[in-house]
Amino acid sequence: MGILEGKKLLITGVLMDSSIAFHVAKIAQEEGAEVVLTSFGRTMKITRTIAKRLPKTPEVIELDVASDEDLASLAERMREHVDHLDGVLHSIGFAPQGAFNFMEGSWEDVSTALHISAYSLKSLTAAALPLMTEGGSVVGLTFDAKFAWPVYDWMGVAKAAFESTSRYLARDLGPQRVRCNLVAAGPIRTTAAKSIPGFEKFEEVWDERAPLGWDVNDPIPAAKACVALLSDWFPATTGEIVHVDGGVHAMGQ
């Protein structure tokens, strides 16, 4: 019997089998969960193809977190597949290329980054909440926002907002027995990472600084942390950020 036996989960962000979200879905199924994935637009076909590589091919539903219509109908459309939800994985982030230049980034680019990469944690959680009638767990993926990282720029600011949003959700949803926690993963060579100009700067130094070492090609440690937080093994933990980065966050220069 797995730690997610009987749980019903909504998982966003499965694009390639290298993604953390894909491995969260895979491990969750192996631990007994029923999983529903989301995708939207042109990526729907890709997600449905990748979903077939999971132990059991899950349903994939349309969800653009920038669409009020998609969010408003999410609970109703989810009920076609599950009668409730026990957990949600937020693995969504996007910033236009202009947002990766801090001094020159336009408000149009920055506002898009904040909307998709930060505000969407609240909007997705609110959309799923009607199905979380027995409480549950919301887990999001972040990249430690305490620092001004090279090349990350306005996406780093968006992640700081994302982390703050998680704390406010923890405050407001605690009475409904809904927990909200984040996993701060070290750099993983995913499709999203490849879209960040200069991402290789992280890859070059992370393994050297991590006391446990770090493999940029291995998303499984971060995925396992997400699965643990989605389970009942952290019943009194909310508003927390769990670092899965080989220990880099605790090191000085």
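Structural data are supplied above this passage.
Read on for a plain summary of the structure. (Residues numbered from 1 in each chain as written. Predicted model: local features only at pLDDT ≥ 70, side-chain atom pairs only at ≥ 80, totals over all residues. Heavy atoms only, no water.)

## A few points about helix 1 (residues 20–30)
Counting buried residues in helix 1 gives nine out of eleven residues, a clear majority hidden from the surface. Among the residues of helix 1, those classed as buried are I20, A21, F22, H23, V24, A25, I27, A28 and Q29. One or two residues past the end of helix 1 sits G32, with phi positive at roughly 105°. (Buried < 20%, exposed > 50% of the residue type's maximum accessible area, 1.4 Å probe, protein only. Helix = DSSP H or I, 4+ residues; strand = E, 2+ residues; numbered from the N terminus.)

## Describing the pairing of strand 6 (residues 178–185)
For strand 6, the tally of buried residues reaches eight of eight residues, placing the bulk of the element in the interior. This β-α-β element, strand 5 (residues 136–142) to helix 5 (residues 153–173) to strand 6, shows right-handed connectivity. The sheet contact formed by strand 6 and strand 7 (residues 241–244) spans four bridges and is parallel. Of the residues in strand 7, the one forming a bridge with A184 is H243. (Right-handed = clockwise from strand over helix to strand, strands pointing away. Pairing = 2+ DSSP bridges.)

## Section: the packing of aromatic side chains
Under the counting rule described, the total for this entry stands at six aromatic pairs. Taking the centre distance of 5.3 Å and the plane angle of 65° together, the rings of F143 and Y152 count as edge-to-face. Here F143 falls in the buried class, since its relative accessible area comes to 9%. A ring pair is formed by W149 and W206, whose centres lie 5.4 Å apart and whose planes are at 35°; its orientation type is tilted. On the criterion of sequence distance, the pair formed by W149 in the loop between strand 5 and helix 5 and W206 in helix 7 (residues 200–209) is long-range, its members being 57 residues apart. Members of the aromatic cluster, each reached through a chain of ring pairs, are F143, F147, W149, Y152 and W206. It is K159 that lies over the ring of F162; its NZ or CZ is 4.9 Å from the centre. (Phe/Tyr/Trp six-rings, centres within 6.5 Å; stacked < 30°, edge-to-face > 60°. Lys NZ or Arg CZ within 6 Å of the ring centre and 35° of its normal.)

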